[in-house]
Amino acid sequence: MMIRTWTALALLQLTPLLAPLAHGQPTFDVLDFVDPLIGTANGGHSFAGATLPFGMAKAVADTDGENQAGFASDTTVVTGFSHMHDSGTGGSPSLGNFPLFAQPSCPDDDLNRCVWQQADRAVAWVPGSPRARPGYFGLSLANGVHAEMTVTNRSALYRFRFAAGAARSPVIGVDLVDLPRSRTAGTAAVDPATGRLTGNGTFSPSFGLGRYELHFCADFRGAQVRDAGVWMRDRAGTGANQTSVRLAQDGTLSAGTFVRFQAPADASGILARVGVSFISVERACANAEREQPDFDFEGTVAAAEAAWREKLGVVELDAEGVSPDLQKVFWSGVYRAMISPQDYTGENPRWESDEPYYDSYYCIWDSYRGVHQLLTVLDPLSQSRMIRSLVDIYRHEGYLPDCRMSLCKGYTQGGSNADVLIAEAFLKNVSDVDWATAYEAVVKDAEVEPANWDVEGRGGLQSWKHLGYIPTDDDDSDGTGTHTRSISRTVEYAYDDFCIAELAQRLGHTADYEKYTQRASNWRHMFKEDQTSSINGKDTGFTGFLQPRYPNGTWGYQDPIFCSPLYNFTSCYLNPDGHETYEGSCWLYTFYVPQDMAALIAQLGGPETFTSRLSYLHDSGILYIGDEQAFLPVFQFHYAGRPALSAERTHFYIPSQFNATVPGIPGNDDGGAMGSFAAWSMMGFWPVHGQDVYLISPPFFKEVSIRNPQTGKVATVRNVNFDPSYQAVYIQSAKRNGKPWTRNWISHDFFAEGGVLELELGTEESAWGTRVEDLPPSMSDEK
């Protein structure tokens, strides 16, 4: 279903799909269990505002402080209300262009006594006032303004109401700034007769290279225009209708246009409709006029709710006995995984194409481990459009992105992880993809080094091909990039090549299959068998870790716990001094061999030692579940024949680290990655990215059913002897469609074809899923 060109009226014509009734909840509405405020404190950076699924327009109040997604609950003041945001990102704030700000009136009716500069006009928001629901956000300010907002796909609709007697002559202005204050140029204009505000600006992406232009168009209803004009810094006047800021001026300089109104006719306040476009001001105005011609606030909210109910309605829960808070953790996780990537189809000025264009892959390094797998199951049409978009980016820019935002190339954190998504999409029969071009793209990642591998492709390919690893102090003359992360890039490149090998095998490229399968074992070249590890001077008792290696084959050294919460946690980021692992330790990356866990387990001393070592990783404080690399290790006990221990870990992390509080996720949500972890864990599966493998664990509910929105077929996983106190979390036996199922994993055909997976639970670990023949596949098994 495409919603990018629908008007609010058209959306309202959808059948208002409620998620199926949960048992014991006769008035169940799935949106009552979605709390967009989860993850808006303590660095979660979740987007709290109004958006459609994968929508371009995202409206929310912008606060001061950690405002990467606009609003943060652990802040105190609001500086404006802007129309585009990203969700869950780290680093610099993102987007937040052209914020509106409303003032009930100017003191003594003097425009120069109103407050204009961004830093000065900040107003405290009233504690307890924020209200967030899919498609809606609202809060009250200490100056008597109550602001509400909703969206269509390319426009936002704001409603500003004022305390009784305060709105004698309200002023609404627009500022030519963005959240990261990256603007290099901008122009704003106002039509004094109608009050229409228009403009554009040139900005920088928050985690990449280049520039992008964005345009806006704002119209108003609810009060008569008194006058209008321009402002800069702390002075405003009605003598001009246009203002500009230039490259030589600081990006923090506030300037823009404003409209001053007569007192609103009634308590409904003033409506502000803002269209946005990457193409032109004219397109921005047309987007708003087409999508919501009637300034219908309640209708637009209802249309957004209908869109969200349809997206979420493919899942049905029997949540009998499960606390409302845990239900919120689940539904809010699914919701956040459907905020990005964002559908910018028709809004890409870089090239003309009939293919979909999605943006805010922010970043695939984060989302390839759970988000896209969730979309493949719950929304396969959107996943198909995203894969097609990635392939089309390759056609026009020469490489697949590992990160992309605001039409710009984003920074690569590890490998070329779009390779993983493309291979997995093929394995799971994602439709309508040009597989010949997709294969060409992944092979280019593996074979041709780009001029700047900081933003695409891979670096160090000569060493990769001839040494079989990325060395520390690599002498790379084929391209430029940040020469760090030799360990983490090595294991990621090895896995990327495994995924290319899977694709090559199925497309009939036998020589490529053999070559990339061989490269998939390159992780071994950085495994130092006699390396030990200590914590506070005490040996951990485990030997053998990934370690740096120089071009001549000699070993370097990085303490195995370095870049963990125990030791210099923030020392391994994307900078020239970022060390040899990225956002994690050698301890963590030593477990990253999802292509050949059987070989890794043997390398680490066998199943019993492996299990002990993996448990130590979780118990010692080395692992930080707030980074996405930590997700798979929660479930890797399956590979050692101990699926019960994976179930124990999921029930530890949920709800201790994932819960329904405002700071209820352990790290940046990273475009819904944290949400996808909660959703998958609570549904009773973990997808092994890049493979047709889902590891089975008991759901957090009595029953979970997933309806394929393309075929209508339903896959149900059902707990027998379900215990909502979660004492019985161990699978004793399983049946698939009435027949015994002993494997501790299942393939995508379960979700594609439907059926019933029945899990009998008990309070003690059993022998289910522990035999060698019941373990997930490994590359060395195939050999």
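Residues numbered from 1 in each chain as written. Predicted model: local features only at pLDDT ≥ 70, side-chain atom pairs only at ≥ 80, totals over all residues. Heavy atoms only, no water.

As recorded in an unreviewed UniProt entry, the chain goes by the name Alpha-1,2-mannosidase, putative subfamily, listed as coming from Aspergillus clavatus.

**Considerations on the sheet that holds strand β26 (residues 685-687)**
Strand pairing in a sheet relies on backbone hydrogen bonds, with the paired strands running either antiparallel or parallel. This is how it is decided: The rule for pairing is simple: two strands pair if DSSP sees at least two bridges between them. A helix here means a DSSP run of H or I that spans at least four residues, while a strand means a run of E at least two residues long, and both kinds are numbered starting from the N terminus.
Strand order in this open sheet of three strands is β26-β27-β32, and the pairing throughout is antiparallel. Bordering the open sheet on either side are β26 and β32 (745-746), each of which pairs with just one other strand. Here β26 pairs with strand β27 (residues 694-696) via three bridges, running antiparallel. For W686, the partnering residue across the bridge sits in β27 and is L695.

**Describing the state of the cysteines**
What makes a disulfide is a covalent bond joining the sulfur atoms belonging to two cysteines. This is how it is decided: The rule for a disulfide is simple: a pair of cysteine sulfur atoms within 2.5 Å. Only protein chains enter the area calculation, which uses a 1.4 Å probe; residues under 20% of their type maximum are buried, those over 50% are exposed, and those in between are partly exposed.
As enumerated under the stated definition, the model contains four disulfides in all. Two residues, C217 and C285, share a disulfide whose sulfurs are 2.2 Å apart. Looking along the S-S bond of the C217-C285 disulfide, the torsion reads about 100°, which is the right-handed sense. Of this pair, C217 sits in strand β13 (residues 212-221) while C285 sits in helix α3 (residues 281-291), placing them 68 residues apart in sequence. Assigned by exposure class, C217 and C285 land together as buried. A sulfur-sulfur separation of 1.5 Å characterises the disulfide bridge that pairs C563 with C572. One quick way to see it: the torsion about the S-S bond of C563 and C572 is about 50°, and its sign makes the bridge right-handed. Neither C563 nor C572 differs from the other in exposure class; each is buried. In this model C408 remains outside any disulfide bridge; the closest cysteine sulfur is found in C403, 11 Å from its own.

**Focus on the sheet that holds strand β29 (residues 714-720)**
Overall, mixed pairing links the six strands, which are arranged β19-β28-β29-β33-β30-β31 in an open sheet. If you trace the sheet from one side to the other, it starts and ends with β19 (315-318) and β31 (739-740), each paired once. Alignment of strand β28 (residues 703-707) against β29, held across five bridges, turns out to be antiparallel. For E703, the partnering residue across the bridge sits in β29 and is R718.

**Some words on the domain arrangement of the chain**
Rule in force here: Boundaries between domains were set according to an automatic or database domain assignment. The contact rule is simple, with two residues in contact once any of their heavy atoms fall within 4.5 Å. Accessible area that two parts lose when put together, with a 1.4 Å probe and added across both, is what the buried area reports. Salt bridges are identified by distance alone: a Lys or Arg side-chain nitrogen within 4 Å of an Asp or Glu carboxyl oxygen.
Looking at the chain, the domain boundaries give domain 1 (30-310) and domain 2 (315-322 + 334-774). If you average the C-alpha positions of domain 1 and of domain 2, the two centres end up 37 Å apart. Counting residues at the interface gives 50 residues for domain 1, matched by 48 residues for domain 2. In this assembly, domain 1 packs against domain 2 so that about 3500 Å² is buried in total across both faces, 59% of it on carbon and sulfur atoms. At the boundary of domain 1 with domain 2, the tally comes to one salt bridge. The partner of R283 in a salt bridge is E347, with the nearest N and O atoms 3.8 Å apart. Going through the elements one at a time, β12 (208-209), β18 (270-277) and α3 are the ones with two or more residues in the side of domain 1 that touches domain 2.

**Notes on the confidence of the model for the chain**
If pLDDT is low for a region, its predicted coordinates should not be looked at in detail. What counts here: Confidence scores labelled pLDDT are given residue by residue by the predictor and lie between 0 and 100.
Mean pLDDT over the chain works out to 95, with 96% of the residues at or above the 70 mark. Here residues 1-25 is modelled with pLDDT under 50, and outside its nearest four sequence neighbours on either side it reaches 56 contacts, counting other chains as well.

**Brief notes about the packing of helix α8 (residues 380-397) against helix α10 (residues 435-447)**
Let me state the cut-off plainly: Simply put, an axis is a line fit to the C-alpha atoms, just over the touching stretch for a helix, and the angle between two N-to-C directions goes from 0 to 180 degrees. Angles below 35 degrees are treated as roughly parallel, those above 145 as roughly antiparallel, those between 65 and 115 as roughly perpendicular, and all remaining angles as oblique. The sense of a crossing depends on the near helix, which, turned anticlockwise from the far helix by less than a right angle, makes the crossing left-handed and, turned clockwise, makes it right-handed. Amino acid classes used here: Ala, Val, Leu, Ile, Met, Phe, Trp, Tyr, Cys and Pro are nonpolar; Asp, Glu, Lys and Arg are charged; the rest, including Gly, are polar.
Running from amino to carboxyl end, α8 crosses α10 at an angle of 65°, the nearest separation of the two axes being 10 Å. It follows that α8 is roughly perpendicular to α10 by the angle criterion. As α8 runs across α10, the sense of the crossing is left-handed. Contact residues: V391, Y394 and R395 in α8; T437, A438, E440, A441 and K444 in α10. Residues belonging to the contact of α8 with α10 are distributed by class as follows: four nonpolar, one polar and three charged.

**Let's talk about the UniProt feature "domain: Glycosyl hydrolase family" (unreviewed entry) in the chain**
Here is the rule we go by: UniProt positions are given in the numbering used here, feature names are shortened, and annotations may be inferred rather than shown by experiment.
Look at the UniProt record and you will see "domain: Glycosyl hydrolase family" (unreviewed entry) annotated at residues 284-762. Secondary structure within residues 284-762 divides into 39% helix and 14% strand; the distance between the first and last C-alpha atoms comes to 58 Å.

**Re the side chain of S73**
Its place among the elements puts S73 in the loop between β1 (60-63) and β2 (77-82). S73 has contacts with L37, T40, A41, W125 and V662, leaving out every residue within four places of it along the chain.

**As for the pattern of salt bridges**
The full count for this structure, using the stated rule, is 42 salt bridges. For E397, the salt bridge is made with R404, and the minimal N-O distance between the two is 2.9 Å. Note on E397: relative accessible area 23%, which makes it partly exposed. Look at R404 and you get buried, because its relative accessible area is 1%.

**Observations concerning helix α12 (residues 486-507)**
For an α-helix, the turn length of 3.6 residues means that residues three or four places apart are oriented alike. Applicable threshold: A helix is expected to span 1.5 Å multiplied by its residue count minus one.
With 22 residues, α12 extends 31 Å from end C-alpha to end C-alpha; this agrees with the ideal 32 Å at 1.5 Å per step. Judged by how many residues are buried, α12 sits mostly within the fold: 19 of 22 residues are covered. Positioned one or two residues after α12, G508 has a phi angle of 85°, which is positive.

**Section: the packing of aromatic side chains**
Heads up, the rule is: Note on aromatic pairs: the rings of Phe, Tyr and Trp (six-membered ring only in Trp) are paired at centre separations within 6.5 Å, and the planes decide the class, stacked below 30 degrees, edge-to-face beyond 60, tilted for the rest. The criterion for a charge sitting over a ring is simple: Lys NZ or Arg CZ within 6 Å of the ring centre, and within 35 degrees of the ring normal.
Taken as a whole and assessed by the stated rule, the structure comprises 51 aromatic pairs. Taken together, the ring pairs connect F98, F203, Y212, F216, F278, Y344, W351 and Y357 into an aromatic cluster. When the ring centre of F101 is taken as origin, the NZ or CZ atom of R121, which lies over that ring, is 4.1 Å away. Over the aromatic face of W365 sits the side chain of R369, whose NZ or CZ is 4.7 Å from the ring centroid.

**Things to note about α10**
Between its first and last C-alpha atoms α10 spans 18 Å; for 13 residues at 1.5 Å apiece the expected length is 18 Å, and the two agree. Here α10 has its buried residues at W435, T437, A438, Y439, A441, V442, V443, D445 and A446. Considering only its buried residues, α10 is in contact with α8, α9 (418-427), α11 (461-466), α12 and α13 (510-519).

**Here's the deal with the nonpolar core**
This is how it is decided: Residues belong to one nonpolar core when they are buried, are Ala, Val, Leu, Ile, Met, Phe, Trp, Tyr or Cys, and are joined through side-chain atoms within 4.5 Å.
Of all hydrophobic cores here, the largest spans 146 residues; its most connected members are F330, W331, F658 and F685. With nine residues, α12 is the single largest residue contributor to this core. Both domain 1 (30-310) and domain 2 (315-322 + 334-774) contribute no fewer than three residues apiece to this core. Each residue touching F330, except ones within four places of it in the same chain, is listed here: V315, L317, A679, M682, M683 and F701. The next biggest cluster of nonpolar side chains, apart from the first, holds 66 residues, and it includes A57, M84, A167 and A255.

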